[in-house]
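A structural walkthrough
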Amino acid sequence: MKWVLLALLLGLCPLFVQYARQPRYRPIFGFGFGALPFLLAFLHVYVAPVSFAFWPGHTKGIEVSLIDSMAVAILIATPRRRKRAPYLWAFVIYILLTTITVTWAVDKLAALGYVVQLVRMLLVYLAALRLSTTPRIVPAVVAGGVAALFLQLFYSVQQHFDGVLQAVGTFGAQNLLGLMTNLVAVPALAILLAGGRRWYAKAGPVVALLIDLLTASRATIGFGAIGMGGVLAVASLWRWTPRKRTMMGLAAVAMLCVTPFAIRLIGERTSRNNVESSDHEREAFKRAAWAMIKDHPAGVGANSYVIVSNIGGYSARAGVAASQGSRSTNVHNSYLMVMAETGVASIFFVVVLIGGGLLMMLRTAFRHRGDRRGDLLIGLGMTLLTAGLHLNFEWAFVIFPVQYVMFLYLGLGVGIAEQVEADAARARREARAARRAVQDDAGDDPAAAPLPAGV
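Predicted model only: the values in this text are computed from it and were never measured. (Residues numbered from 1 in each chain as written. Predicted model: local features only at pLDDT ≥ 70, side-chain atom pairs only at ≥ 80, totals over all residues. Heavy atoms only, no water.)

Brief notes about the packing of aromatic side chains
Using the following cut-off: Within 6.5 Å between ring centres, the rings of Phe, Tyr and Trp (the latter by its six-membered ring) count as paired, and their orientation is classed by plane angle as stacked under 30 degrees, edge-to-face over 60, tilted in between. Comment: elements are numbered from the N terminus, with helices defined as DSSP H or I runs of at least four residues and strands as E runs of at least two. Only Lys NZ and Arg CZ are tested; either one counts as a charge over a ring when it is within 6 Å of the ring centre and within 35 degrees of the ring normal.
Within the structure shown, the criterion is met by 14 aromatic pairs. With 5.8 Å between their ring centres and 45° between their planes, Phe223 and Phe393 make a pair best called tilted. One end of the pair, Phe223, is in helix 9 (residues 218-238); the other, Phe393, is in the loop between helix 17 (374-390) and helix 18 (400-444), with 170 residues separating them in the sequence. Grouping aromatic residues by their ring pairs yields a cluster made of Phe91, Tyr125, Phe397 and Phe407. Over the ring of Phe400 we find Arg120; its NZ or CZ atom is 5.7 Å from the centre of that ring. Just above the ring of Tyr314 sits the side chain of Arg317; from NZ or CZ to the centre is 5.0 Å.

Laid out in structure tokens, this is it:
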């Protein structure tokens, strides 16, 4: 069956190419890119030609998804860029460093699976750069994400009434659901602040807030508030408008209304679960990861943290509980996770890639305050910043749903920032040309010439 699905995914690529050649269909691709990361497992529109489903690492096979087919189609159908992709060098070096670790990984095929995943993310990043020239592509992407959030809300509410303390949606983990939800909430709010009146701009923050509450996750609720509050503050600083003043007031009212529910839900979780023990367990994971990094500064091998932490005795020495749940999971810190698996050097290039991109977005927005695309740049930049902060408490960066969304946003934001800079440079050139033309006309006009001396 998997070979039939693989043939279908590959066979759809030529069809996608035909539609992607027509600009009017590209927002539909954007909608798909926004929605599918939430639906890949639910709809099972990905396949692993080589599968290692029982491997204890984060990547379970050499996989191909419908998103990959769409990304390849966009790269084939759209014109090539004249400039090299920003931060492409950092992305390529990260992939190369990850590939090198395959040579000493415990299971080389499992490690290769993560390398293939990063190559797929590179395709999505490059496709997003191409799509960034499409008008209204960011709203289309966000609309897809918000549409998928409605499905997550449906399952979360159902789980809540079934007695589940922390809703997981279709993801199987409340922290992953919360992280993915906030990746949609922040840009949706940015579009609303920019004057968007479509359904996804209005519904996105509300649906996301409800899902965050149902997860009863401290990190999800906290970083959701930080992300949406941050984009509201930065966008208001960038350009103050009556709409943003209204949204500031509504946000304050929402905070007052939501806080009691958040406290109650987190309190119920605390009464049923040993939160203090959970925090101690996280610290034990960190001790194990730091010990692993100290012994293996070049990394233990991609997709190998769990197996090495056990056979190397790192988890036992760090005090990680001797239970299947604790010993079969990763350190709850994406930065430590990347360093432990692929080396200290690799985290530098990851930070340069994503951090450099979000700084480029924010810097461009504030340099060109007259360009209305600044709200979109602030929204995408603050989304990546919020996710980066959240990932300090989760290992989710290395799984493909999160990477799809993050590298999609990175490519769109960097591409739009390039366009804003290019448009500003063209406007300056045209202004200089207009001034020179006026001066030349004045020089050629005899009436404009100075009178002879003595006249």
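A short note on the pattern of salt bridges
Applicable threshold: Any Lys or Arg side-chain nitrogen found within 4 Å of a carboxyl oxygen on Asp or Glu counts as a salt bridge. Summary of the burial criterion: residues with accessible area below 20% of their type's maximum are buried, those above 50% are exposed, and those between are partly exposed, where the area comes from a 1.4 Å probe applied to protein chains only.
Taken as a whole, this structure holds 11 salt bridges when the rule is applied. Residues Arg81 and Glu418 are paired through a salt bridge, measuring 2.9 Å at the closest nitrogen-oxygen approach. With a gap of 337 residues between them, Arg81 in the loop between helix 3 (66-77) and helix 4 (88-101) and Glu418 in helix 18 connect regions that are remote in the sequence. By relative accessible area, Arg81 is classed as partly exposed at 26%. Two residues, Glu418 and Lys83, come together in a salt bridge whose shortest N-O distance is 3.8 Å. On the criterion of sequence distance, the pair formed by Glu418 in helix 18 and Lys83 in the loop between helix 3 and helix 4 is long-range, its members being 335 residues apart. With a relative accessible area of 14%, Glu418 lands in the buried category. Owing to a relative accessible area of 57%, Lys83 belongs among the exposed residues under this scheme. When salt bridges with common partners are traced through the structure, they connect Asp371, Arg373, Asp423 and Arg426 into a single cluster.

Some details on the environment of Ile211
Put simply, the test is: Contacts are residue-level and defined by heavy atoms, with any inter-residue pair within 4.5 Å sufficient.
Along the chain, Ile211 falls in helix 8 (residues 199-215). Along the sequence, Ile211 and Arg436 sit 225 residues apart, while their C-alpha atoms lie 58 Å from each other. Excluding residues within four positions of it along the chain, Ile211 makes contact with Leu149, Gln152, Leu153, Ser156, Leu177 and Thr181.

Details of helix 4
Applied cut-off: Multiplying one less than the number of residues by 1.5 Å gives the expected span of a helix. To be clear, the arc concerns the directions from the helix axis to the C-beta atoms.
Taking 1.5 Å per residue as the helical rise, helix 4 with its 14 residues ought to reach 20 Å, and the 20 Å between its terminal C-alpha atoms agrees with that figure. Ala90, Phe91, Tyr94, Ile95, Thr98 and Thr101 are the residues of helix 4 that are buried. Considered in projection along helix 4, the buried side chains sweep an arc of 135° and stay on one side of the axis.

Regarding helix 5 (residues 108-131)
Cut-off, in case you're wondering: The term polar contact refers here to a pair of N or O atoms within 3.5 Å; inside protein, the definition further demands a hydrogen-donor-capable atom paired with an acceptor-capable atom, and it admits residues adjacent in sequence only when both atoms are side-chain atoms.
Between its first and last C-alpha atoms helix 5 spans 35 Å; for 24 residues at 1.5 Å apiece the expected length is 34 Å, and the two agree. In this structure Asp107 caps helix 5, since a side-chain oxygen of it lies 3.1 Å from the backbone nitrogen of Leu109.

With respect to unusual backbone geometry
Its identity is not glycine, yet His44 carries a phi of approximately 55°, on the positive side. Turning to its location among the elements, His44 is positioned in the loop between helix 2 (26-43) and strand 1 (46-51). Relative accessible area serves as the criterion here: at 48%, His44 is assigned to the partly exposed category. Backbone geometry places Tyr87, a non-glycine residue, at a positive phi of 60°. With respect to the secondary-structure elements, Tyr87 resides in the loop between helix 3 and helix 4.

Some remarks on the environment of Leu410
The topology assignment puts Leu410 in helix 18. It is 7.0 Å that separates the C-alpha atoms of Leu410 and Ile354, two residues lying 56 residues apart in sequence. Once residues lying within four places of it in the same chain are set aside, the contact partners of Leu410 are Tyr125, Leu353, Ile354, Gly357, Met361 and Leu384.

Focus: the environment of Met339
With respect to the secondary-structure elements, Met339 resides in helix 15 (residues 334-342). Residue classification places Met339 among the buried residues on the basis of a relative accessible area of 11%. Separated by 37 residues in the primary sequence, Met339 and Ala302 place their C-alpha atoms 9.9 Å from one another. Met339 has contacts with Trp290, Ile293, Gly299, Val344 and Ile347, leaving out every residue within four places of it along the chain.

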